[in-house]
Each structure stands twice: as C-alpha cells, then as structure tokens.
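Take a look at the letters that make up each chain.
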Amino acid sequence: MRSHRFNPLNSIEGSKILGISCLLLAIGIYTTLSTDRFLLAGNLENIVHRTALFGILSIGAAFVIITGGIDLSIGSVVCLTGVLLPYLLTQCQWPIAAALAAVGGLSIAVGAFHGIMITKLRLQPFVVTLCGLLLYRGVARGITSDQSQGFGTAFKGLRTLATGHMRLFSGDDFNFRLPATALILIVVALAAMVILNKTVFGRYLLAIGSNPEAAKYSGINVDRATVAAYILCSTLAGLGGVLFVLDINAAQPSDFGNFYELYAIAAAVLGGCSLRGGEGNIAGVVVGAAVMVVLSNAINLVHPQYQNIEFAIIGGVILAGVTADALIRRILKGY
Amino acid sequence: MASSATNSVLEACGVGKQFGGVSALKDVSLQVRRGEVLAVVGENGAGKSTLMKILAGVIQPSEGSLQVDGGHVTFSSVEQALLMGVALIHQELNLAPNLDIGANIFLGREPSRFGLISKRKIAAEATQLLASLGLDVSPYARLDSLSIGRQQLVEIAKALSINARVLIMDEPTSSLSQQEANRLYDVIRQLKDRDVGIVYISHRLQEVVDLADRVVVLRDGEFVGELEQTQIDRDRIVRMMVGRDVSQFYQRTPHPPGNTAIVARRLRTAAFPREQLDFSVRAGEIVGVAGLVGAGRTELLTTLFGVTPAVGGSLTIAGQELTPRNPAEAIRAGVVLAPEDRRSTGLMLTLSVERNLSLASLRNKLNVYGFIRGRGESELCRQTMDQLEIKSAHPRWPVRWLSGGNQQKVVLGKWLATQPSVLLLDEPTRGIDIGSKSEIYRLMHELAGQGVAIVFASSDMEEILGLSDRVLVMHQGRMAGEVEREQLSEELILQMAIGHGSQKPVEPAAS
C-alpha cells in the first residue's frame, strides 16, 4: 500500500512545473555562462516580451488540449487578425474600435465554428482545425491580395499596447523596463488560472478531458463546454495576432504566424498538458513558452552559426526533456 | 460414458480456474463428441464463459487437463487450439469490420504469392465457404455492410476454413433477429452432418431444447449434471440451474416505503422502441431489476437517467412530470445513476478522489456565481469519504490508484453528495471484493431507510433475492413480470427472465 502522506512530487501538476522550471533554469545557466550578452537588460526585455506573446497563444492552446482536443489553426488565426487589423485601419479607414471589434468577433466566430463542427458533427478536432489552418491563411492572403500590411508611422497610441514599456529599474548599468505585453500576459494568465482552477467551467474542462463519457454521465453539458474551450483558444490566438502585428508593424500574409500553433502546442505540452486531456496548468504553460523563447534566444546568442538548424535544436531539446520526464516518472512511481 | 469415448473429439478432465484466489470454475469434466450439439447452460456467473475460454485456449486452466482425440494437449494460445481444430465464436464477434469479407476469413493466414496477398485466391475460396453456409455475398464486400447475423456466418466460415472440428458458440443468437437465428440453426444442423462437434452456450432454453443432443448444467462454477437427449426438458434444466440456498449475507432492516418517488407510464426506450414499460417505485423501497444479458435492464436505467432519452411515454418524478432529456435534467430532479462500467462511464480516472466526488455537486451546490467554493468542496469530500468509509486513499490521489471497491464507492459518493431522491444502480457490485460488497449493501439499506428510492439492476441472482423489496423482471426489452418480496423465488424469476413467466402486462402499482 502506498504511503498516506501527500507528496507534492506525486502531484502531477507540481512535479511538471518543477521539471519544466528546471529545464528553463538549465538553459538559462548554460546561456549565461556561454555569453555575457544574455543577462543584458535589453535581451531580457526581449525575452519577456516574446514569452508574453507566445504565452498568450500557448494558454489558448492549453484550454483545448486540456479537453482532449487540439487546435492546429492558431498560426493562421494569428495571421488573419494580424493582417486584417492594419488592413481595416489603413486601407478601409475603419475607426479603431470597429476594427478591434471586427477582428475580435472574427476570432470568436472561428472558435465557435471549430467547436460546433467538433461537437455537433462529431468531426475530429485534428481534421477540423487542420482545414482551418489552410482556410484562414488563404482567406488572409485573398483579402489583402497577398500584400504586406502595416501601420506605417500612424497609430502610435494603439501600438503602445505591444511596444510600450514600464520602467522598473533605472540604474546606470541595469535598466530593465517591463514590456506592456508582459502586463497583458499577467492579466490573461491570472484570468486563465482562475477559470481553470476556481470555476465550475474549468473543472468541467478537466473532467471532459479525463473522460468525456463519464462527464456526460455526471450531468455535464460536454458540447457547450467544449465549444467554449475552442472559443477561448481562437480568441487568445486573435489577441496574439493583434499584439504581434502592433509590435512588428509589418505582416506578410504568406508567412505571418507560420508554425505558431506548433510553438503553442509544444509550450503547452512542455508545461504539463497531456495530449490525452484532463491534465494541465497555466503556470507550467507560461514557463513552457519561456523555454521555447529562451532556447531560441540561446541559439542566436551562443551559436549564431547554427541558426539555420534552430528547429532541429529546439525539437531535440524538447524531445530530450519529455523523455527525461517520462523516465524519471517511471522510476519514481514504478510504472 | 466410456462407451462413447471413442466418439469424443474434445474432452475436459477436471478443469478448474482461479482468479486471484476466487474460484470461477471447479473440477468440471465434459466431452464433446463428433457431430453433436452439446449445450452448456447456467446462470450468469455460473462459469460457462470461463469454461469456453479454457476449451478454446484463451485462458489456461489452473487445474485439470484437456484431451483432443484421446491425447493430452495444452493450449497455451488460441492459435494452438485452432491448430488442433477447436474454434471459439465469441459473443462479440472478433472480426475487422473495415476489411472485406474474404480478408476477414483468411486474416493472419492470407494465401500469398511472392509476399503479396493473392486476392483472387482468397475470393475463390471464400466464395465457396460462404456458399456452403448459404450466404450469397461478394467476398469483396466490406464486413460492416453485413448484418450482425451474416457477420456471424462469416466468423463460422472463418472457423471452417481452418477445418475446425469443434466449434464453441457463446450466446450466438443474443443479438440476432428471429430469421437470422433460424438460419443459424440450419447452419448448425448442417455442421452436425459434417461431423463437427458444437458446444453451444445459451440463455434461451427453448433453443437449447430444440437444438441440443446433450445438455451440461453448471452452477457456481461447478458441474451440476448432464442430460441426454431424451431427458432434456425445460423444467428439469431450470431446477438444475437453481437449487441453491440463498445466503444470509444480506442483512435486512425493514423500512416502510413512503410516497411514490418515480412512476413510468408507457415508457419506451430507444433500444426497444416497441415495448412499453409501466412501473413505479416508492421512496424507501429497493427494487431489483432482473433479466438475462441483453434483456434491456441497462437501457431502462439509462433512459430513466436521460443518457438515452425515452422515445415515448412519460415519467413522473416526485409528483412532477419530467422525462429527462439529458443527465443534467435527471440530476436536478434528484435521479442519479451509478453506471455499469465505472471505468468508462463512472469515473475520471486521472482526476483526484476529491474532484470526482464533488463533480456532480458543483453546479447545484458548491459554487458562487460559477466559482467553486473550495472549502465547501473539501468539506464535502471529507464527509463523503467518512460516510462511505473510503479507506486508504488520499483525497488528492487520482482515482485510478484505488481498488475496485473503493472506486465504486467514489461513484456512489459522487451521487450521494447530491442528495438524490432516486438512486439507480447498474450492477453495483460487479468485480469488487466481498468486503466492499457488503458495505455497499449496507449503504443501500441505510439510504432506503432515509427514504431514497433505489432501483438496481443485477445479474447476480443472490443479490436480487437478498436485497430487493420487489423485483421487476425484464425479457427482451419488456416487463416480463413483477414479483413482491413474499413471492420471490429464483425459479420464478428465471422462468420470467427466459420469457415463460406471466405474459400479461403489468399494471402500474398504485401508491
């Protein structure tokens, strides 16, 4: 018989957050020792900023993965909202509020569409969102005639949302300013944590991911909760797209947001979401997103000559991390 | 019996099987002879399936031995049994519905040329085999384009393709229509003429009487007796199947029933849309639902719970007319179901004990504007674990770490936390240890004493007789009869369950 005392290492969530944090720390220490540019304020600001942007996408992906589903269309939704916002503002001359409402509404509609196809027509999430991946990028390229979209020098105020900073330390040698996107991530992450851990809806998502049939037998409206998860995911992808384009100020419809769904899914899985569903926590997902960003940063700083094989390195490190996690778990638990 | 030994093709000598210390089969001997139909009958849990699995090499006996043609054999796998000419036709067919018929017949033994499967050869041989069974279909048709009855003939063709000399059929007609069953009887007679020995398991005594050349009766895993063809008679079989003292395992405390808790009027389930069900259950009453496998007990319960909504008729729950269209509606009305298969439909195995226990109470009790009341949740969890004596478990452990008995208690606890007025239980003690069993019985009586109406379906006759204040007996989707506690007898229930009890429709009991 097992010991009766509760061991946090036996808590799946606790051990996963611990594991991913160790990975982040290891990469951080390695990079710090390899180059003195890693800890420069500017570099750290950039890391936090990019972690925030990818973290927002990853949290969305996490909600869907927790229900046992998947969303492959995140990158294309990023592209769609990312090119539509400047397009509506500059070419169509829409007011800011209307343009934001339009891309927001569109993101919600995309998620609702996915959810309804998956629950009512019983289509597989992989198929539905794979088609979405192709569809939305095609639509984005069609609307904009494949022309790069940006704000030029206008909309400085709006762009502060993604480019602004808040001065935290103002010393002579260390001048860290917190990016505005980090504040947005904090708000999103806190809200997501509350939703997942403190609300009935969040608990239902975990239950559905763990066993949809038993969830139905427990009186849960499985379809409604699932649709809501897809809406959350697409809405956060849309928000991400808006922030990315506000930041970069140029969105090429053919490659804007390419592969971002894979970054988001990888971060969610690294952060402790099981693709089988029923497991996941927001803090881990944010750390997972940071691992992706820091890893990419480390390659840029330490081994710029390997930049062309960045994907291979990221893939290898994730695989190693996941393998180590599985092996350690098996040794500790005996299964 | 020595005289017929020469005729015997497959023989079991004193075989037994223990599962984790529990005997499922004890010292059973039987002979299967060339060209005869040997029927094996017994109640649910009598050990028939275990015996069949041993004969077909699916499992190995803990004791005893098998002989083929008088020589000792050990089947360590189904393949070895097949090699010796013994084939099992499962209740659930073992075919690949996405492949074509020919591919199914020769699955694993595909005739090939240079490593490539020879479709033409398969088709030619398959067509011949199918024709010999009177099945005129293209071997290129997908298996799932056939009805279940025809799929079964494909499985028989598969057995014949390896020259099976003994065919073991486990409840072959349980999911067949009458015409399909008739065709199967013809095939069986034809197989007899080809000198194939057939072991036939069935709950339907009529077909046993019609088909069998010999009958072997099992009870509680033991051999009870054997009837030669001239002795075969339904009443005699039933008497042999029963004949056992009901144990004193069930401590009863009388609890006077209260008001009517649930009434079904002309209720029609999706599974048996042509049958109308009428019955009522009062508060504090424990009503057992008996019947054979496939009689519609589970379907009745899932209809009451709204998982598969009723297709007709009405339900009145606590005086309010309400026919639940989904479980949420049923739960709100106080009707809850602990389902038959707790792992697939009762529990979130990866979630903690606490989260499983609170799940059904979140919406109606444990939240403030959609936010979970954390303290209320842990309090509820602690109370339920105490009440049900869910021992040796931490509230934060995933449920999959718990024993079967404790898992079942978690399912019950989840529902008790909602304070139901009608508790539906489907096979409440299947697969759990004797200790947890008696605790669940105790709990059922305790709840009935508190005025909960309990309806439980069970294949365990002892459980039905020991617990019920009243028994509803189902047969092929309809109410075959209703028996009050005073008249309860195993024989009566069994007669009704096999469709030979009172045939008259049951009036809804007045409250």
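Analysis parameters
Within any chain, residue numbers begin from 1 and follow the written order of that chain's sequence. Here the convention is simple: chains get letters from A, ligands get numbers from 1, in the order in which they are written. The model is predicted, so local features are restricted to residues of pLDDT at least 70 and side-chain atom pairs to those at 80 or more, both for listing and for counting; the totals for chains, interfaces and linings are taken over all residues. The basis for every side-chain value is the complete set of heavy atoms in the structure, and neither hydrogens nor water enter the calculation. Each helix is a run of DSSP H or I of at least 4 residues and each strand a run of E of at least 2, with the numbering of both proceeding from the N terminus. It is over C-alpha atoms that the radius of gyration is taken, and the globule rule equals 2.2 Å times the number of residues to the power 0.38. Whether a residue is buried, partly exposed or exposed follows from its accessible area with a 1.4 Å probe, protein chains only, as a fraction of its type maximum: under 20%, in between, or over 50%, in that order. By the convention used here, strands pair only if DSSP detects at least 2 bridges between them. Where helices are involved, their axes are fitted lines through C-alpha atoms of the stretch in contact, as for all axes, and angles between N-to-C directions lie from 0 to 180°. A pair of Phe, Tyr and Trp rings is counted when the ring centres sit within 6.5 Å of each other, with Trp represented by its six-membered ring. The angle between the planes then sorts it: under 30 degrees is stacked, over 60 is edge-to-face, the rest tilted. Contact criterion: two residues are considered in contact whenever any of their non-hydrogen atoms come within 4.5 Å of each other. Summed over both partners, buried area is the accessible surface (1.4 Å probe) that two parts give up on being assembled. When a carboxyl oxygen of Asp or Glu lies within 4 Å of a side-chain nitrogen of Lys or Arg, that pair is called a salt bridge. Nitrogen and oxygen atoms within 3.5 Å of one another constitute a polar contact, given that in protein one can donate a hydrogen and the other can accept it, and given that sequence-neighbouring residues count only through two side-chain atoms. Under the grouping applied here, Gly and all other residues not named as nonpolar or charged are polar, the nonpolar ones being Ala, Val, Leu, Ile, Met, Phe, Trp, Tyr, Cys and Pro and the charged ones Asp, Glu, Lys and Arg. Within the patch definition used here, like charges are joined within 9 Å and nonpolar side chains (Val, Leu, Ile, Met, Phe, Trp, Tyr) within 5 Å, considering only residues with over 30% relative accessible area and no salt bridge. Residue burial considers only the protein chains on display, and all accessible areas are found by Shrake-Rupley using a 1.4 Å probe. Residues belong to a common nonpolar core when they are buried Ala, Val, Leu, Ile, Met, Phe, Trp, Tyr or Cys residues joined through side-chain atoms within 4.5 Å. In what follows, roughly perpendicular refers to angles from 65 to 115 degrees, roughly parallel to angles under 35, roughly antiparallel to angles over 145, and oblique to any angle outside these ranges. Confidence per residue, as judged by the predictor, is encoded in pLDDT with a range of 0 to 100. To estimate the expected span of a helix, subtract one from its residue number and multiply by 1.5 Å.

Let's talk about the overall build of chain A
Line of reasoning, step 1. In terms of helices and strands, chain A carries 13 helices and two strands.
Line of reasoning, step 2. Its C-alpha radius of gyration of 20 Å places chain A within 12% of the 20 Å reference for a compact globule of 335 residues.
Line of reasoning, step 3. Seen through its C-alpha atoms, chain A measures out along the principal axes to roughly 70 × 55 × 35 Å.
Line of reasoning, step 4. With 335 residues in all, chain A has 50% of them scored as buried.

Focus: the sheet that holds strand S24 (residues 478-484) of chain B
Residue and element names in this part refer to chain B.
Line of reasoning, step 1. Strands sit in the order S18-S21-S22-S15-S23-S24 across an open sheet of six strands; the sheet is mixed. Because the sheet does not close on itself, it has two edges, and the strands there are strand S18 (335-338) and S24. The average angle at which neighbouring strand axes cross in this sheet is 20 degrees, direction not considered.
Line of reasoning, step 2. As paired strands, strand S21 (residues 422-426) and strand S22 (residues 453-457) are joined by five bridges and run parallel to one another.

A closer look at the packing of aromatic side chains
Line of reasoning, step 1. One pass over the full model with this rule turns up 11 aromatic pairs over all chains.
Line of reasoning, step 2. Considering the side-chain rings of A:Phe244 and A:Tyr260, the 4.9 Å spacing of their centres and the 45 degrees angle between planes classify their relative orientation as tilted. Linking A:Phe244 in helix H10 (residues 222-248) with A:Tyr260 in helix H11 (residues 260-270), this pair joins segments that are 16 residues apart in sequence. As far as the burial class goes, A:Phe244 and A:Tyr260 line up, both buried.
Line of reasoning, step 3. With a centroid separation of 5.5 Å and 65 degrees between ring planes, the pair formed by B:Trp397 and B:Trp401 is classed as edge-to-face. In this pair, the class of B:Trp397 matches that of B:Trp401, namely buried.

Section: the interface of chain A and chain B
Line of reasoning, step 1. On the chain B side, the residues contacting the 29 residues of chain A number 36 residues.
Line of reasoning, step 2. In total, chain A and chain B occlude about 2900 Å² of area from one another, counting both sides; carbon and sulfur atoms represent 61% of this.
Line of reasoning, step 3. Along the contact surface separating chain A from chain B lie one salt bridge.
Line of reasoning, step 4. Here A:Arg203 makes a salt bridge to B:Glu377, at a shortest N to O gap of 2.5 Å.
Line of reasoning, step 5. Our count for the contact surface shared by chain A and chain B stands at nine residue pairs in polar contact (both at pLDDT 80 or more).
Line of reasoning, step 6. Of all elements in the fold, only helix H7 (180-198), helix H8 (200-210) and helix H9 (212-217) of chain A reach the threshold of two or more residues within the side of chain A that touches chain B.

Some points on the packing of H7(A) against helix H12 (residues 282-302) of chain A
Residue and element names in this part refer to chain A.
Line of reasoning, step 1. Where H7 meets H12, the closest approach of the two axes is 9 Å, and the angle between their N-to-C directions is 145 degrees. Residue-level inspection shows Leu185, Ala189, Ala192, Met193 and Leu196 of H7 in contact with H12, the latter providing Ile282, Ala283 and Val286.
Line of reasoning, step 2. Here the residues of the contact of H7 with H12 sort into eight nonpolar, no polar and no charged.

Some points on the sheet that holds strand S13 (residues 260-268) of chain B
Residues and elements named next belong to chain B.
Line of reasoning, step 1. One open sheet holds the four strands; their spatial order is S14-S13-S16-S17, and the pairing between them is antiparallel. Two strands in the sheet have a free side with no partner beyond their single neighbour: strand S14 (277-282) and strand S17 (320-321).
Line of reasoning, step 2. The pairing of S13 with S14 spans five bridges and is antiparallel. Residue pairing for S14: threonine 260 is matched across the bridge by arginine 282.
Line of reasoning, step 3. Most of the contacts of helix H9 (residues 297-304) go to S13, to which it runs at about 115 degrees, and overall it touches S13, S14 and strand S16 (312-317).

Quick word on H11(A)
Every α-helix winds through 3.6 residues per turn, so residues three or four apart in the chain are directed the same way.
Residues and elements named next belong to chain A.
Line of reasoning, step 1. Taken across its 11 residues, H11 has nine buried, putting it largely inside the fold.
Line of reasoning, step 2. Along H11, the residues classified as buried are Tyr260, Glu261, Tyr263, Ala264, Ile265, Ala266, Ala267, Ala268 and Leu270.
Line of reasoning, step 3. Just downstream of H11 lies glycine 272, where phi reads positive at about 110 degrees.

Section: the pattern of salt bridges
Line of reasoning, step 1. Inspection of every chain in the model, using the stated rule, returns 21 salt bridges over all chains.
Line of reasoning, step 2. A salt bridge links B:Asp144 to B:Arg142; the nearest nitrogen and oxygen atoms lie 2.9 Å apart.
Line of reasoning, step 3. Exposure remark for B:Asp144: the relative accessible area of 38% places this residue in the partly exposed category.
Line of reasoning, step 4. Residue classification places B:Arg142 among the partly exposed residues on the basis of a relative accessible area of 43%.
Line of reasoning, step 5. In the salt-bridge network here, residues are joined through shared partners; they are A:Lys120, A:Arg122 and A:Asp223.

Digging into a nonpolar patch on the surface
Residue and element names in this part refer to chain A.
Line of reasoning, step 1. Residues Met166, Leu168, Leu183, Ile186 and Leu190 make up a contiguous nonpolar surface patch of about 430 Å² in total accessible area.
Line of reasoning, step 2. Considering every element that reaches the nonpolar patch, the biggest residue donor is H7, with three residues.
Line of reasoning, step 3. Looking at the secondary structure, you find isoleucine 186 in helix H7.
Line of reasoning, step 4. Judged by its relative accessible area of 42%, isoleucine 186 is partly exposed.

Some words on the nonpolar core
Line of reasoning, step 1. Residues A:Leu57, A:Ile59 and A:Leu85 are the most contacted members of the largest nonpolar core, which totals 101 residues.
Line of reasoning, step 2. The greatest single-element share of this core, amounting to 14 residues, is contributed by H12(A).
Line of reasoning, step 3. Leaving out residues up to four positions away in the same chain, A:Ile59 has contacts with A:Leu185, A:Val188, A:Ala189, A:Ala192, A:Leu236, A:Ile282, A:Val285 and A:Val286.
Line of reasoning, step 4. In this structure, B:Ala264, B:Ala290, B:Leu304 and B:Ile493 belong to the second largest nonpolar core, which totals 94 residues.

Some details on the pairing of strand S3 (residues 37-41) of chain B
Residues and elements named next belong to chain B.
Line of reasoning, step 1. Burial within S3 is extensive, with five of its five residues counted as buried.
Line of reasoning, step 2. Judged from the four bridges that link them, S3 and strand S10 (residues 197-201) form a sheet pairing that is parallel. Bridge pairing in S10 places alanine 39 opposite tyrosine 200.
Line of reasoning, step 3. Strand direction decides the pairing type here: S3 and strand S11 (residues 214-219), joined by four bridges, are parallel. The partner of valine 40 across the bridge, within S11, is valine 216.

Re unusual backbone geometry
Line of reasoning, step 1. One non-glycine residue, A:Gln93, adopts positive backbone phi at about 60 degrees.
Line of reasoning, step 2. Within the secondary structure, A:Gln93 sits in the loop between helix H3 (74-91) and helix H4 (96-119).

Topic: the packing of helix H6 (residues 156-163) of chain A against H10(A)
Residue and element names in this part refer to chain A.
Line of reasoning, step 1. One way to put it is that H6 packs onto H10 with a least axis distance of 8 Å and a crossing angle of 110 degrees. In terms of orientation, H6 and H10 fall into the roughly perpendicular class. Listed contacts from H10 to Leu158, Arg159, Leu161, Ala162 and Thr163 of H6 are Leu243, Leu246 and Asp247.
Line of reasoning, step 2. A breakdown of the residues in the contact of H6 with H10 according to their chemical character gives five nonpolar, one polar and two charged.

Some words on the environment of A:Arg203
Line of reasoning, step 1. By the secondary structure assignment, A:Arg203 is in helix H8.
Line of reasoning, step 2. On the accessibility criterion, A:Arg203 (3% relative accessible area) is buried.
Line of reasoning, step 3. Spatially, the C-alpha atom of A:Arg203 lies 35 Å from that of A:Asn46, the residues being 157 residues apart in sequence.
Line of reasoning, step 4. Apart from residues lying up to four places away in sequence, A:Arg203 is in contact with A:Leu196, A:Asn197, B:Arg355, B:Ser358, B:Leu359, B:Leu362, B:Ile372 and B:Glu377.

Brief notes about the confidence of the model for chain B
All names here are of chain B.
Line of reasoning, step 1. Averaged over every residue, the pLDDT of chain B is 85; the share at 70 or more is 91%.
Line of reasoning, step 2. Taken as a whole, residues 1-5 scores under 50 in pLDDT and shows six contacts with residues more than four places along the chain or in a different chain.
Line of reasoning, step 3. Every residue in residues 502-511 is under pLDDT 50, and counting partners more than four places away or in other chains gives 12 contacts.
Line of reasoning, step 4. Scored as a complex, the prediction yields pTM 0.77 and ipTM 0.85.

Considerations on H7(A)
Line of reasoning, step 1. Here H7(A) is 19 residues long and its end C-alpha atoms lie 27 Å apart, about the 27 Å a rise of 1.5 Å per residue gives.
Line of reasoning, step 2. Residues A:Ala180, A:Thr181, A:Ala182, A:Ile184, A:Leu185, A:Val188, A:Ala189, A:Ala192 and A:Leu196 constitute the buried set of H7(A).

Quick look at the environment of B:Gln229
Residue and element names in this part refer to chain B.
Line of reasoning, step 1. Topologically, glutamine 229 is positioned in the loop between strand S12 (222-228) and helix H8 (234-241).
Line of reasoning, step 2. Through-space distance from the C-alpha of glutamine 229 to that of glutamate 207 is 13 Å; in sequence the pair is 22 residues apart.
Line of reasoning, step 3. Sequence-distant contacts of glutamine 229, defined by excluding residues within four places in its chain, comprise Ala212 and Asp213.

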